[in-house]
Amino acid sequence: MADLWDEYDHPDDQITYVVESLRSSGVEKSITHEYLGCNCEDKCIPETCSCLLRSGGHYSYEDKSQLQNYSLVITDKNKPVYECSPNCKCEPSRCGNRLVSFGPRSNLKIVTTPKGLGLSTERDIETGNFICEYAGEVITRDDAHKRFKKYQEMNFNHNYIFCINENFGDRNIKTFVDPTFYGNIGRYINHSCDPNCLLVPVRVEDEVPKLCIFAKEKIEVMSELTFDYGEGDGNISEKKKCLCMSHKCRKYLPFDGTI
Ligand SMILES: C[S@@+](CC[C@H](N)C(=O)[O-])C[C@H]1O[C@@H](n2cnc3c(N)ncnc32)[C@H](O)[C@@H]1O
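Residues numbered from 1 in each chain as written. Predicted model: local features only at pLDDT ≥ 70, side-chain atom pairs only at ≥ 80, totals over all residues.

**Some remarks on the overall build of the protein**
The line we're drawing: Each helix is a run of H or I in the DSSP string that is no shorter than four residues. Each strand is a run of E no shorter than two, and both are numbered from the N terminus. The reference for a compact globule is 2.2 Å times residues^0.38; the radius of gyration itself is calculated from the C-alpha atoms. Neighbour counting defines burial: a residue surrounded by 20 or more other C-beta atoms within 10 Å of its own C-beta is buried, one with 12 or fewer is exposed, and intermediate counts give partly exposed, using backbone-placed C-beta atoms. Our contact criterion uses C-beta atoms placed from the backbone: two residues qualify when those atoms are within 7 Å.
Summing up its helical and strand segments, the protein has three helices and 16 strands in all. The C-alpha radius of gyration of the protein comes to 18 Å, within 12% of the 18 Å expected for a compact globule of 259 residues. Seen through its C-alpha atoms, the protein measures out along the principal axes to roughly 55 × 40 × 35 Å. Within the span of the protein, comprising 259 residues, buried residues form 39% of the whole. Within the protein, residue pairs in contact and separated by at least 24 positions form 71% of the contacts whose partners lie at least 6 positions apart.

Listed below in structure tokens is the structure:
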């Protein structure tokens, strides 16, 4: 966290900009550090790198110096995606398994939309490219419920609390992120029932995933970036009318009734 920086800020100074998610103390206690990282002496390749061998995805790229052009390729949906981390022995400048830990892409812009503020791009984006993390406070399920109720009582216009629900075999993992007061540029991404982005949990250094937004398709300059809040079982929200205007619109914002 200490070295990470990005070029963005919030238009509202009541919101604190954080470059990556912060963990509330209740969440910190549940972290296990069983896996320490790979022992690759040179670059990491899928056949030998222990991070890539345990990962459900890898990045494909032409030129290691062009991070913005990396694309995520999911190879096994039943495994979490793991990036190499400072615990790994590989040389960061040669390792191709590090992307989201370097922060969001450039040329993102906060815009005004009928859904409130939104996020758009001032440059074309290719399929699979990384956009940014949906960063905020990682909170417990209990806290998510309490905060949601509190924010409703305070008549907040928007709900930012997001729950990602992952299933790996018998294992179910729910991660709750709240960027209401501490968040990054990702908190402005609106929902669409026909989105151009996708949320993928990526693990760097620990088992609490970063909620990472990738381009689902080629995105043209000045397009609004959206993802489907319902994909990972979605945000915690009241039934609110969806304004995505797509022909696939499901009429209401997704609501996660399972949490
Ligand atoms: C993560 S915030 C997105 C940024 C927000 N629009 C803002 O102004 O800060 C999620 C909230 O934005 C609004 N929103 C997002 N997508 C929407 C949609 N498709 N239709 C209507 N409202 C939407 C809802 O109020 C939702 O609770």
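**Observations regarding the sheet that holds strand 9 (residues 137-139)**
Selection rule: Strands qualify as paired when DSSP identifies two bridges or more between them.
Spatial ordering of the open sheet is given by 2-9-11-10, a layout of four strands whose pairing is mixed. With one partner strand each, in any of the chains shown, strand 2 (22-23) and strand 10 (162-168) form the two edges of the open sheet. Sheet topology places strand 10 next to strand 11 (residues 171-178); seven bridges connect them, and they run antiparallel. Bridge assignment links F168 to a residue of strand 11, and that residue is R171.

**What about the nonpolar core?**
Rule in force here: For our purposes the nonpolar core covers buried Ala, Val, Leu, Ile, Met, Phe, Trp, Tyr and Cys residues that link as a set through C-beta atoms within 7 Å.
Formed by 55 residues in total, the largest nonpolar core has its most connected members in C44, C212, I213 and F214. Not counting residues up to four positions away in its chain, the partners in contact with C212 are V100, F130, E133, L199, V200 and V202.

**Some points on the site of the ligand**
Worth spelling out the cut-off: Nearness between a residue and a molecule or strand is assessed with a C-beta atom placed from the backbone; a distance within 6 Å qualifies. Only Asp, Glu, Lys and Arg are considered charged, only Ala, Val, Leu, Ile, Met, Phe, Trp, Tyr, Cys and Pro nonpolar, and every remaining residue, Gly among them, polar.
The environment of the ligand is made up of 19 residues, and the closest members are G116, L117, H158, N190 and H191. Residue assignment for the shell around the ligand shows that the elements contributing at least two residues are strand 7 (116-121) and strand 13 (190-191). With three residues, strand 7 is the single largest residue contributor to the shell around the ligand. The residue inventory of the shell around the ligand, partitioned by class, reads seven nonpolar, nine polar and three charged.

**Some thoughts on the environment of F227**
With respect to the helices and strands, F227 occurs in strand 16 (residues 224-227). Measuring from C-alpha to C-alpha, the distance between F227 and I213 comes to 7.9 Å, with 14 residues separating the pair along the chain. Setting aside its immediate chain neighbours within four residues, F227 contacts I189, P195, C197, L198, L199 and I213.

**Things to note about the UniProt feature "domain: SET" (unreviewed entry) in the protein**
Counted only if it meets this: UniProt positions are given in the numbering used here, feature names are shortened, and annotations may be inferred rather than shown by experiment.
This chain's UniProt record puts "domain: SET" (unreviewed entry) on residues 106-230. Helix makes up 10% of residues 106-230 and strand 45%. Its end C-alpha atoms lie 27 Å apart.

**A short note on unusual backbone geometry**
A positive phi angle, close to 60°, is found at N155, a residue other than glycine. Judged by the 6 C-beta atoms lying within 10 Å of it, N155 is exposed.

**Some details on the sheet that holds strand 16**
Ordered in space as 6-7-16-13, the four strands form an open sheet in which the pairing is mixed. With one partner strand each, in any of the chains shown, strand 6 (108-113) and strand 13 form the two edges of the open sheet. The sheet contact formed by strand 6 and strand 7 spans six bridges and is antiparallel. Bridge assignment links L108 to a residue of strand 7, and that residue is T121.

**Considerations on the environment of D228**
Looking at where D228 falls in the secondary structure, it is placed in the segment after strand 16. Residue classification places D228 among the buried positions, given that 20 C-beta atoms sit within 10 Å. For the pair D228 and N165, spaced 63 residues apart in the sequence, the C-alpha separation amounts to 14 Å. Setting aside residues up to four positions removed in sequence, D228 forms contacts with H191, S192, C193 and P195.

**Considering the confidence of the model for the protein**
Caution applies to low-pLDDT regions: their predicted coordinates should not be interpreted in detail. What counts here: The pLDDT value expresses, per residue, how confident the predictor is, ranging between 0 and 100.
This prediction gives the protein a mean pLDDT of 90; 92% of its residues lie at or above 70. Among the prediction metrics, the complex's ipTM stands at 1.00, with pTM recorded as 0.94.

**Here we look at the environment of F162**
Structurally, F162 is set in strand 10. Among the residues examined, F162 registers 26 C-beta atoms within 10 Å and is labelled buried. Sequence separation between F162 and G230 is 68 residues, and the spatial gap between their C-alpha atoms is 9.7 Å.

**Describing helix 3 (residues 141-153)**
The following threshold applies: Expected helix span is given by 1.5 Å per residue-to-residue step, counting one fewer step than there are residues. As used here, the arc belongs to the directions running from the helix axis to the C-beta atoms.
The end-to-end C-alpha distance of helix 3, which contains 13 residues, comes to 19 Å, matching closely the 18 Å that a straight helix rising 1.5 Å per residue would cover. Within helix 3, burial applies to A144, R147 and F148. Down the axis of helix 3, the buried set is contained in an arc of 105°. They therefore lie on one face. Seen from the buried face of helix 3, the exposed residues on the opposite side, beyond 90 degrees, are D142, K146, K149, K150 and E153. Close packing links the buried residues of helix 3 with strand 9, strand 10 and strand 11.

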